[in-house]
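# A look at the structure
Given next are the chains, with one letter for each unit.
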Amino acid sequence: MATPGEASVNDSHVGKNKQTPGRYWQEPQQVGKNQNKDGEQALKDLQHKEQTTHTTKKRKQEEDRGDGKKFISGKSDPFPGPAPVPADRVQKFKRKDKTKKPGRQQYKLRDVITRSNNSSEIAQNQAAQFDLLLPEEAGFLEGDEDEDTCMISQEDIAEAVDITSGAKYFNLKLSQFGPYRLDYSKTGRHLLLGGRRGHIACLDWQSKQLMCEINVMESINDVKWLHSESMYAVAQKKWLYIYDSSGIELHCIRKFNDVLRMQFLPYHFLLATASATSFLQYLDVTVGKEVAAICTKTGRLDVMCQNPQNAIIHLGHPNGTVTLWSPNQKEALIKMLCHQGGVRSVTVDKTGTYMVTSGMDKKLKVYDIRAFKPLKSYFLPAGASCLSLSQRGLLSAATGDVVQVYKDVWSTPVTKPYMAHRVRGTAWGLHFCPFEDVLGVGHGDGFTSMLIPGAGEPNFDGLDSNPYRSAKQRQEWEVKALLEKIQPELINLDPAELGRVDRATFEQRHQDRVQALGYDPLAKEKFVPKYKKKGRSSAGAVERRKKQVAHEDQRDEIRKTVEDKIKMEKERKDTEKQKVALHSQKSALDRFNK
């Protein structure tokens, strides 16, 4: 007889039909038996219906997945694939044309070129996609009807804009040590001023915080920031000096004497100087050594600028010519006759496409550097002593104490300036601030910061030029920039040549190699018979073996000439047969022959 415990074990709940909990859409169950049965039947029908619809949905999803569409939360993506990018934005970030692939024999080179083209195309598309996310846009000053924007004063602009932008218009009265040269750092955050009578000041011009201020008690010709705001170079009366941001003298470089103008190449870490003794010199600031010293033989060099695209130095001369220089050659790459008088100022836009020059003939000319041809020519009544181009293509020209800004000088004929402003003294230096709508003017009475709407690039590259970087970020950027430093040997008039494949023939390369080495590395070595024992290396046997090998080359040449002769003879016989066949054919006129 089973105990009550055993009965409870045998009577398991597994075999029973487990009732599902009620749902909110179901009606409350009635008390009667018939009503309970009807409720159970309806519940079963509802469960079967839910299961059927679930399997139908799942099957439909699997069928849709076979088409290759992506799913989000169980639904098909209405916009499959990557987002399309406008072609004009992709063209904006194009670095180079696709390299032509060689024949199939050079399969390794084909793979390298294919990977390079693919990586550059991916980088171009990614840059174009990220460009859509940039929040800032460049704007320009627009006047009302029948109103010239050049008549709007700086005071009116400063009152109309917000407080932060209005504070960027200011004047520094420094009449004791002027006139002043100026330079903005690469990030556009710091300003360096150098007075003709020895005054040097560097400051964070946005917060108006002074970093250092010294007087070198010697005349100053030019000032220039180096790779960061921690060091700057000063061209003094005799020699070139390097100072840090605290005003402490770091170096006195006596090889660089009588320097008049300077340009710093940021990606090569080179300081290019032009002197009164007609020398163009390059200083590597990473090791402190002179890279090149070129005697231009063109007299005093006081007009100088650089091409930001290819790091070529442009020099203006008193005879009206502009010459282009590289540290790799002792002669000028290009010589251009630009003016009938001496050249007063030269500047190049950031894309390296256009060059603007002004001369003693009171003309301002725009050149296309790609073709080295003039595009536009303008006549200024007083001529332009200083020129500067902004990141957005605005041109500033100083004539005496009046600073004029022009817009679209190379695309459309310009009849009037975009903006104009009169400073307190004769302008001695012009420079647009990077990533800001600001133009700095150094003059005889000090310094003036002008507001020029639409001058600066609105979006900056945080990995290259970040105005808001901390000291730690600056140190990391400096280490990375030093590791990626470009060697001066790579400075070339056309940077695209560095990525091209040299398609010289094998014979030309072989001849160059023979001239460089002094012997032919592919020439056959002289045959030396192997020594054999048992009397087989007697003098006669050795000579016989030498004669057997000596005529192998001649045999190949003779065999080749014989084959050519046989081929030519065969071709001659074929032509003769064709002529005979043509003569043997009867013509309709043969019946008249007697």
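Relevant structure appears above.
Not measured: the values here are computed from a predicted model. (Residues numbered from 1 in each chain as written. Predicted model: local features only at pLDDT ≥ 70, side-chain atom pairs only at ≥ 80, totals over all residues. Heavy atoms only, no water.)

## Notes on the overall build of the protein chain
Along its length, the protein chain carries 10 helices and 30 strands. In the protein chain, the proportion of contacts linking residues at least 24 apart, taken out of those at least 6 apart, comes to 45%. A total accessible area of about 38,700 Å² is found for the protein chain, and carbon and sulfur atoms account for 51% of it. (Helix = DSSP H or I, 4+ residues; strand = E, 2+ residues; numbered from the N terminus. Contact = heavy atoms within 4.5 Å. Areas by Shrake-Rupley, 256 points an atom, 1.4 Å probe, with all protein chains shown as cover.)

## Observations concerning the sheet that holds strand 4 (residues 180-184)
The strand order across the open sheet built from 4 strands is 4-5-6-7, with neighbouring strands paired in antiparallel fashion. The sheet is open, and its two borders are formed by strand 4 and strand 7 (209-215), each paired with just one other strand. Averaged over all pairs of adjacent strands, the angle between their axes in this sheet comes to 15 degrees, without regard to strand direction. With 5 bridges joining them, strand 5 (residues 190-195) and strand 6 (residues 199-204) adopt antiparallel strand pairing. (Pairing = 2+ DSSP bridges. Axes fitted to C-alpha atoms, helices over the stretch in contact; angles between N-to-C directions.)

## What to know about the layout of surface pockets
Volume-wise, the second largest pocket comes out at about 610 Å³. Looking at the second largest pocket, it is lined by 29 residues, and the ones nearest its centre are Ser165, Lys168, Phe435, Glu436 and Asp437. Among the residues making up the lining of the second largest pocket, the classes are represented as 15 nonpolar, 7 polar and 7 charged. (1 Å grid on protein atoms, 1.4 Å probe; cavity = no way out; pocket = protein on both sides within 12 Å on 5 of 7 lines; lining within 4 Å. Points joined across faces, edges and corners; volume = space filled by probe spheres on them. Nonpolar A, V, L, I, M, F, W, Y, C, P; charged D, E, K, R; others polar.)

## So, unusual backbone geometry
The phi torsion of most residues other than glycine is negative, and most of the peptide bonds are trans. In this chain, Gly178 is followed by Pro179 through a cis amide linkage whose omega measures -5 degrees. Tracing the backbone shows Pro179 in the loop between strand 3 (170-173) and strand 4. The phi dihedral of Lys362 falls on the positive side, at around 65 degrees, and the residue is not glycine. Mapped onto the secondary structure, Lys362 falls in the loop between strand 21 (354-359) and strand 22 (363-368). For Lys362, a relative accessible area of 38% translates into the label partly exposed. Of note, the phi angle at Phe435 is positive, near 65 degrees, even though the residue is not glycine. Take Phe435: it is sitting in the loop between strand 28 (427-432) and strand 29 (438-443). (Buried < 20%, exposed > 50% of the residue type's maximum accessible area, 1.4 Å probe, protein only.)

## Some words on helix 4 (residues 107-131)
Between the first and last C-alpha of helix 4 there are 36 Å, a value that for 25 residues agrees with the 36 Å anticipated at 1.5 Å per step. Here helix 4 has its buried residues at Ile113, Asn117, Gln124, Ala128 and Asp131. On its buried face, helix 4 sits against helix 3 (87-92). (Expected span 1.5 Å × (residues − 1).)

## Looking at the pattern of salt bridges
In total, this model carries 17 salt bridges according to the counting rule given. Taking the shortest distance from any N to any O, the salt bridge between Asp464 and Lys186 comes out at 3.1 Å. Here Asp464, found in the loop between strand 30 (446-451) and helix 7 (471-483), pairs with Lys186, found in the loop between strand 4 and strand 5; they are 278 residues apart in sequence, far enough to count as distant. For Arg261, the salt bridge is made with Asp222, and the minimal N-O distance between the two is 3.4 Å. Of the two residues, Arg261 sits in strand 12 (residues 259-265) while Asp222 sits in strand 8 (residues 220-225), which places them 39 residues apart along the sequence. Across this residue pair, the class does not change: Arg261 and Asp222 are buried. Salt bridges sharing common partners tie together Lys350, Arg392 and Glu457. (Salt bridge = Lys/Arg side-chain N within 4 Å of Asp/Glu carboxyl O.)

## Notes on a nonpolar patch on the surface
A surface patch of nonpolar side chains, about 360 Å² in accessible area, is lined by Tyr267, Ile486, Leu490 and Leu498. The partly exposed category is assigned to Tyr267, whose relative accessible area is 42%. (Patch = residues over 30% accessible without salt bridge, like charges linked within 9 Å, V, L, I, M, F, W, Y side chains within 5 Å.)

## Observations regarding the sheet that holds strand 17 (residues 313-316)
Sheet architecture is open: 4 strands sit in the order 16-17-18-19, paired in antiparallel fashion. Each having just a single partner strand, strand 16 (303-306) and strand 19 (334-337) make up the two edges of the open sheet. Ignoring which end each strand starts from, the neighbouring axes of this sheet average 20 degrees apart. Of the strand pairs in this sheet, strand 16 and strand 17 are connected by 4 bridges, and their pairing is antiparallel. Opposite Cys305, over in strand 17, you have His314 as the bridge partner.

## Notes on the nonpolar core
Soluble, globular proteins show a tendency: their nonpolar side chains are buried together. In terms of nonpolar packing, the biggest core is built from 33 residues, with Tyr184, Leu191, Trp205, Val403, Leu439, Val441 and Ile452 touching the most fellow members. Counting residues per element, the ones that place at least two in this core are helix 5 (154-160), strand 4, strand 5, strand 26 (402-406), strand 28, strand 29 and strand 30. Every residue in contact with Leu191, bar those within four places of it in the chain, is listed here: Leu182, Asp183, Tyr184, Ala201, Cys202, Leu203, Trp205, Trp225 and Phe447. Leu270, Val303, Cys338 and Val343 belong to the second-largest nonpolar core, a separate cluster that totals 30 residues. (Core = buried A, V, L, I, M, F, W, Y, C linked by side-chain atoms within 4.5 Å.)

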